[in-house]
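# Survey of secondary and tertiary structure
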Amino acid sequence: MPRYFTPAAFQFLKELEENNDKMWWEANRDRYVETIREPALDFIVDFGERLTVISPHFRADTRPNGGSLMRPYRDVRFSGDKTPYKTNVGIQFRHERGKDAHAPGFYVHLQPGQNFAGVGLWSPETAVARQIRQAINDDPHGWRASAHSEDFTDTWALGADDGDRLKRIPRELDARHPFADDLRLKRFTAGTRLTQKTVTSTGFVDDLIALFATAKPYARFLCDAVGVPF
């Protein structure tokens, strides 16, 4: 297997963080293409060939614009931070129903010292979040097996900071539920750290497939909860 990402990609991102302006970007755009965009697109092609091991319903989209590789440009319209470029690489593998419904996805985040993999739904709309909470409420055993099993928690951590939870359990749900805190979740994601050594290795695709395979029960529970196939 090839090595997709090299230390040069992380060096580019470090320098971009220190020189986040259009002049520097234009002078170094070819480096972005060479060290990040083209390797990422090759990675997406090869990862997509193995993605059916996880599920046939997720897509590796190889388009350079609008595909699995997320744009390097920041949306600064409503942000106090006006730096124009992202200092990370985001790669997403969306559900085939992702355009028509809120559905779980798989995600890879590359950033110096902050590499991670993720799975789930980030801040779904209110109605979808209610569906998931109701599913957790109604099937505590299924939720335990999906999100609280040793096989899962040995690798993954739920996105469960205070800002990721409602202040109180919704009235219609069981306050004595064995996972009552999870009934307050607003974001239904799980993440795990990746080392730069892993990301830059020749086995990265296979390692990532094996990693995401450990999250299959979690992704399946979320798919069932929102009514999309897994």
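How each quantity is defined
- Residues numbered from 1 in each chain as written.
- Predicted model: local features only at pLDDT ≥ 70, side-chain atom pairs only at ≥ 80, totals over all residues.
- Heavy atoms only, no water.
- Buried < 20%, exposed > 50% of the residue type's maximum accessible area, 1.4 Å probe, protein only.
- Helix = DSSP H or I, 4+ residues; strand = E, 2+ residues; numbered from the N terminus.
- Pairing = 2+ DSSP bridges.
- Contact = heavy atoms within 4.5 Å.
- Axes fitted to C-alpha atoms, helices over the stretch in contact; angles between N-to-C directions.
- Phe/Tyr/Trp six-rings, centres within 6.5 Å; stacked < 30°, edge-to-face > 60°.
- Salt bridge = Lys/Arg side-chain N within 4 Å of Asp/Glu carboxyl O.
- Core = buried A, V, L, I, M, F, W, Y, C linked by side-chain atoms within 4.5 Å.

## Considerations on the pairing of strand 3 (residues 116-121)
- The element strand 3 is extensively covered by neighbouring structure, given that five of its six residues are classed as buried.
- Strand direction decides the pairing type here: strand 2 (residues 105-110) and strand 3, joined by five bridges, are antiparallel. For histidine 109, the partnering residue across the bridge sits in strand 3 and is phenylalanine 116.
- Here strand 2 folds back onto strand 3, and the loop between the two strands holds five residues, one of which, glycine 113, carries a positive phi near 75°.
- Two strands pair when backbone bridges link them, and strand 3 and strand 5 (residues 188-193) are joined in this way by six bridges, in the antiparallel orientation. Note on strand 5: the bridge partner recorded for valine 119 is alanine 190.

## A look at the sheet that holds strand 5
- Read from one edge of the open sheet, five strands run 1-2-3-5-4, paired in antiparallel fashion. The open sheet is flanked by strand 1 (89-94) and strand 4 (157-158), the only strands paired with a single partner.
- Sheet analysis places strand 1 next to strand 2, joined by six bridges and oriented antiparallel. Paired with valine 89 across the bridge in strand 2 is leucine 110.
- Sheet strands touched by helix 3 (residues 126-138): strand 3 and strand 5. Its angle to strand 5, the strand with the most contacts, is close to 80°.
- Here helix 8 (residues 216-226) sits on the sheet and contacts strand 2, strand 3, strand 4 and strand 5; the angle it forms with strand 3, its principal contact strand, is near 25°.

## A few points about the packing of aromatic side chains
- Counting across every chain of the model gives 23 aromatic pairs.
- On the numbers, 5.0 Å between centres and 45° between planes, the contact of tryptophan 25 with tyrosine 32 is tilted.
- Given a relative accessible area of 8%, tyrosine 32 falls into the buried group.
- Both rings, one in tyrosine 73 and one in tyrosine 85, keep their centres 5.9 Å apart while their planes meet at 55°; by these two values the pair is tilted. Residue tyrosine 73 is located in the loop between helix 2 (22-50) and strand 1, and its partner tyrosine 85 is located in the loop between helix 2 and strand 1; the two are separated by 12 residues in the primary sequence.
- Judged by its relative accessible area of 30%, tyrosine 73 is partly exposed.

## Let's talk about the pattern of salt bridges
- Applying the stated criterion across every chain yields a total of nine salt bridges.
- For arginine 59, the salt bridge goes to glutamate 96, with nearest N and O atoms at 2.7 Å. With arginine 59 in the loop between helix 2 and strand 1 and glutamate 96 in the loop between strand 1 and strand 2, this pair connects stretches of sequence that are 37 residues apart.
- Its relative accessible area of 33% is what places glutamate 96 among the partly exposed residues.

## Concerning the nonpolar core
- Ranked by internal contacts, the top residues of the largest apolar core, which has 64 residues, are Phe43 and Ile91.
- With near-sequence residues (within four places) excluded, isoleucine 91 lies in contact with Phe5, Ala40, Phe43, Ile44, Ser68, Leu69, Met70, Phe106, Tyr107 and Val108.

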